[in-house]
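# Chain and residue survey
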Amino acid sequence: MLLTAGDIMRTGARNAIAREDLPVRDALVVMTRAKSGSLSVVNPRRKLVGVFTDGDFRRQMALDASLLARPLRAVMTRHPICVRETVLAAEVLKIFDQRNIDDLIVVNAAANRSAS
């Protein structure tokens, strides 16, 4: 019951992160390699600027035939739901349920909105 978000979050190769200028086509490869349904979108300084999910892809593909060539910055969700790494895992589960989401971004206090 004392596990934190930092204890259960994806790390290393399982933590999908991509720069905001990466085309959606390449971002899907990053997500697939990480076996993740989402990725953190970062700027050149590796500061978190958004999130892109498989749901975002499906919804936007229906509207935009050129989606695969567009950069993530054009299609990402800005201001993603985030928690600090010190938040209890039980609270993370509550957020999943309340927001009807499967993933959220864990950030550390030192990086102040950097992808973790």
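Refer to the structure above for everything that follows.
Residues numbered from 1 in each chain as written. Predicted model: local features only at pLDDT ≥ 70, side-chain atom pairs only at ≥ 80, totals over all residues. Heavy atoms only, no water.

### Quick notes on the layout of surface pockets
When its volume is computed, the largest pocket comes out at roughly 720 Å³. The wall of the largest pocket is formed by 32 residues, among which Ser38, Asp102, Asp103, Leu104 and Ile105 lie closest to the centre. Elements with a contribution of two residues or more to the lining of the largest pocket: α1 (5–8), β2 (38–42), β3 (48–53), α3 (54–61), α5 (89–99) and β5 (105–107). For the lining of the largest pocket, the per-class residue count stands at 15 nonpolar, eleven polar and six charged. (1 Å grid on protein atoms, 1.4 Å probe; cavity = no way out; pocket = protein on both sides within 12 Å on 5 of 7 lines; lining within 4 Å. Points joined across faces, edges and corners; volume = space filled by probe spheres on them. Helix = DSSP H or I, 4+ residues; strand = E, 2+ residues; numbered from the N terminus. Nonpolar A, V, L, I, M, F, W, Y, C, P; charged D, E, K, R; others polar.)

### Here we look at the pattern of salt bridges
In total, this model carries five salt bridges according to the counting rule given. In this structure, Asp56 engages Arg59 in a salt bridge whose closest nitrogen and oxygen atoms are separated by 3.0 Å. Note that Asp56 and Arg59 are positioned in helix α3 at a spacing of three residues, about one turn of the helix. Since its relative accessible area comes to 9%, Asp56 is described here as buried. With relative accessibility at 54%, the residue Arg59 sits in the exposed group. Across the pair Asp64 and Arg70 runs a salt bridge whose closest N-O atoms are separated by 2.8 Å. With a relative accessible area of 16%, Asp64 lands in the buried category. (Salt bridge = Lys/Arg side-chain N within 4 Å of Asp/Glu carboxyl O. Buried < 20%, exposed > 50% of the residue type's maximum accessible area, 1.4 Å probe, protein only.)

### Some remarks on α3
The set of residues buried in α3 consists of Gly55, Asp56 and Phe57. As for α3, its buried residues are in contact with α2 (24–34) and β3. (Contact = heavy atoms within 4.5 Å.)

### Here's the deal with the sheet that holds strand β1 (residues 17–19)
Strand order in the open sheet formed by three strands is β1-β2-β3, and the pairing between neighbours is mixed. Lying at the two open borders of the sheet, with one neighbouring strand each, are β1 and β3. Here the average twist between neighbouring strands, direction ignored, is 30°. Strand direction decides the pairing type here: β2 and β3, joined by five bridges, are antiparallel. Residue pairing in the sheet places Val41 in a bridge with Gly50 of β3. (Pairing = 2+ DSSP bridges. Axes fitted to C-alpha atoms, helices over the stretch in contact; angles between N-to-C directions.)

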